[in-house]
Amino acid sequence: MRYRVRHETRYRYASDVLHSHQLLHLIPRLTPYQECIEHRLEILPHTYRRRDERDAFDNPVTRIELEYPHAELSVASTMDIDVHARPPLRAADSTPWEQLRTRLAYRGGWPARADLEACRFRHESAYVRVKRAFAEYASDCFEPCRPLLECAEALMTKLHRELRYAPGETTIGTPLIDVLESRRGVCQDFSHLMIACLRSRGLAARYVSGYVRLLPRPGAAASALDAAGAASHAWVSVYAPPLGWIDLDPTNDVRVGTDHVTLAWGRDFADVSPLRGMILGGGAHDLRVNVQLESI
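A. Geometry of the side chain of Ser273. Tracing the backbone shows Ser273 in the loop between helix H8 (269-272) and strand S13 (275-281). Ser273 has contacts with Leu23 and His25, leaving out every residue within four places of it along the chain.

So this is what it looks like as C-alpha cells:
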C-alpha cells in the first residue's frame, strides 16, 4: 500500500510567545516493512532554526527554535509512504514466556545483543509502571510453558474485549491503574496497559506511534474508531524471539499490517510525542490537530 499522510498541528496563544524550543517526532522511520518516498515539513512562522538528528531509539527527530515573538505555531508534516505486507508467522514458534523472562533478567556474562537491546524496554518508564495488579490482570493469558506470542495475542484480545474505547474520558496523565479499574480509554491507554502487563512479567515491549487506516468491519455497525477513517494511533511491539519484534494493535485486536504507518517507537508516549517543547510567554493556548490519510 502507498499512503499520503498529512498531520497538522496548530497552537494559538493568548499572548505572544517570546521564545520557543520544540522537539518533533514527525518524520517516519525506515523499517523492513516501510519506506518513505517523500516527506516535507511546513512550519510557521518561517523565522526558526532547525536541526535534524536521531534520538536514543534511532527515531528521526527535528529540533526547532523560534526566537522572535509569535502568537501562533503551525506545523504540517506531509509524507508519501510505502507499506509492505509482513510475512505470516506462527505464534507457536515463539519462545515460551518463562524462558524469555529468565533470559532478560539481570545476570553475569554477555547476553545476546538482541536481548540486551530488548532490556531497554523491560523496565518502568514515565507512563508505564510495573505493578502486581497488571501481572494479575493478565494471568489467564500466561499459562505455563505457553509461547510468548500466543500469550501476547491473548492479552491483546482480552484488552480489546474488556476495555471500552472512550475518547475524552482519559488524558495522557491518567494513571494506568485508573484505566485498569475503569476499563475505558483510547489507543494510548490500550497500548500503555498492554505494555505494563508484559513488563510486569519481566518481558520486553515498546510503544509505537503512527497512523492507521480504519475500515468498517463487514456486517458490523461502525464504531467511533471505524468512523474516523484515519487517525493518529498507537500500538505495541513485543519482543518474541526467534521471531523478533512483533507489532500488535490492542485497540483493534489485530497484528499490525498494511493499514498501519509507523512514525517512531520508544518506552512509552513520552519518548515519541509528535510535538512537545518549552515556551516563554504565551499564556493559555488553543490546540488543534488534524490527520488525513489516503491511499495513492
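What follows picks up the thread again.
B. Molecular detail of helix H4 (residues 148-162). Taking 1.5 Å of rise per residue, 15 residues should cover 21 Å, and H4 covers 21 Å from first to last C-alpha, within 8% of that figure. Taken residue by residue, H4 has Leu148, Leu149, Cys151, Ala152, Glu153, Leu155, Met156, Lys158 and Leu159 as its buried positions.

C. Highlighting the pairing of strand S10 (residues 245-249). Of all 5 residues in S10, 4 are buried; the element is thus mostly enclosed. Here 2 bridges tie S10 to strand S11 (residues 254-255), and the two strands are oriented antiparallel to one another. Paired with Asp249 across the bridge in S11 is Val254.

D. Seen up close, helix H1 (residues 97-104). Those residues of H1 not exposed but buried are Trp97, Glu98, Leu100 and Leu104. All buried residues of H1 project into a common sector of 160 degrees when viewed along the axis, lining one side. Turned more than 90 degrees away from the buried face of H1, the exposed residues are Gln99 and Thr102.

E. Structural view of the packing of H4 against helix H6 (residues 187-199). For the pair H4 and H6, the least separation of the axes is 11 Å and the interaxial angle reads 140 degrees. Between H4 and H6, the crossing angle belongs to the class labelled oblique. Considering how the two elements wind past one another, H4 and H6 form a crossing that is right-handed. The residues of H6 that touch H4, namely those facing Ala152, Leu155, Met156, Leu159 and His160, are Phe190, Leu193, Met194, Cys197 and Leu198. For the contact of H4 with H6, the residue count by class is 9 nonpolar, 1 polar and no charged.

F. The side chain of Thr262, seen in detail. Structurally, the position occupied by Thr262 is in strand S12 (residues 260-266). Beyond its immediate chain neighbours, meaning those up to four positions away, Thr262 contacts Pro28, Arg29, Gln34, Val208, Ser209, Gly210 and Trp235.

G. Focus on the state of the cysteines. Enumeration according to the criterion identifies 0 disulfides in this entry. Among the cysteines around Cys145, which has no disulfide bond, Cys151 carries the closest sulfur, lying 10 Å off.

H. Quick peek at unusual backbone geometry. Along the chain, Leu44 connects to Pro45 via a cis peptide bond; the corresponding omega equals 0 degrees. Look at the link from Pro241 to Pro242: it is a cis peptide, with omega at 0 degrees. With respect to the element layout, Pro242 can be found in the loop between strand S9 (230-239) and S10. Of note, Cys145 is a non-glycine position whose phi angle comes to about 65 degrees, a positive value. Within the secondary structure, Cys145 sits in the loop between helix H3 (132-137) and H4. We classify Cys145 as exposed; its relative accessible area is 59%.

I. The pattern of salt bridges, seen in detail. Under the criterion given, the structure shown has 25 salt bridges. Across the pair Lys158 and Asp140 runs a salt bridge, and its minimum N-O distance is 3.4 Å. Linking Lys158 in helix H4 with Asp140 in the loop between H3 and H4, this pair joins segments that are 18 residues apart in sequence. Looking at Lys158, the relative accessible area reads 7%, which means it is buried.

J. Spotlight on the nonpolar core. By size, the foremost hydrophobic cluster in this structure holds 66 residues, and its most contacted members are Phe142, Leu193, Met194, Leu198 and Tyr211. Here this core takes 8 residues from H6, the largest share from any one element.

K. Molecular detail of the confidence of the model for the protein chain. With 93% of its residues at a pLDDT of 70 or more, the protein chain shows a mean pLDDT of 92. Counting contacts from residues 218-229, a segment whose pLDDT is below 50, to residues more than four positions away or on other chains yields 15 contacts.

L. Up close: the packing of aromatic side chains. Under the defined criterion, the tally for this structure stands at 7 aromatic pairs. Measuring from centroid to centroid gives 6.4 Å for Tyr207 and Phe269, while their planes differ by 80 degrees, and the two rings are edge-to-face. Taken as a pair, Tyr207 in strand S8 (residues 205-213) and Phe269 in helix H8 lie far apart in primary sequence, 62 residues in all. Here the two residues Tyr207 and Phe269 agree in accessibility, since each one is buried. Taking NZ or CZ as reference, Arg29 lies 3.7 Å from the ring centre of Trp265, over its face. If you follow Lys158 out to its NZ or CZ, it ends over the ring of Tyr137, 4.6 Å from the centre.

Cut-offs and rules
Residues numbered from 1 in each chain as written. Predicted model: local features only at pLDDT ≥ 70, side-chain atom pairs only at ≥ 80, totals over all residues. Heavy atoms only, no water. Helix = DSSP H or I, 4+ residues; strand = E, 2+ residues; numbered from the N terminus. Contact = heavy atoms within 4.5 Å. Expected span 1.5 Å × (residues − 1). Buried < 20%, exposed > 50% of the residue type's maximum accessible area, 1.4 Å probe, protein only. Pairing = 2+ DSSP bridges. Arc of directions from axis to C-beta. Axes fitted to C-alpha atoms, helices over the stretch in contact; angles between N-to-C directions. Parallel < 35°, antiparallel > 145°, perpendicular 65-115°, else oblique. Left-handed = near helix turned anticlockwise from the far one by under 90°. Nonpolar A, V, L, I, M, F, W, Y, C, P; charged D, E, K, R; others polar. Disulfide = S-S within 2.5 Å. Salt bridge = Lys/Arg side-chain N within 4 Å of Asp/Glu carboxyl O. Core = buried A, V, L, I, M, F, W, Y, C linked by side-chain atoms within 4.5 Å. pLDDT = per-residue confidence, 0-100. Phe/Tyr/Trp six-rings, centres within 6.5 Å; stacked < 30°, edge-to-face > 60°. Lys NZ or Arg CZ within 6 Å of the ring centre and 35° of its normal.

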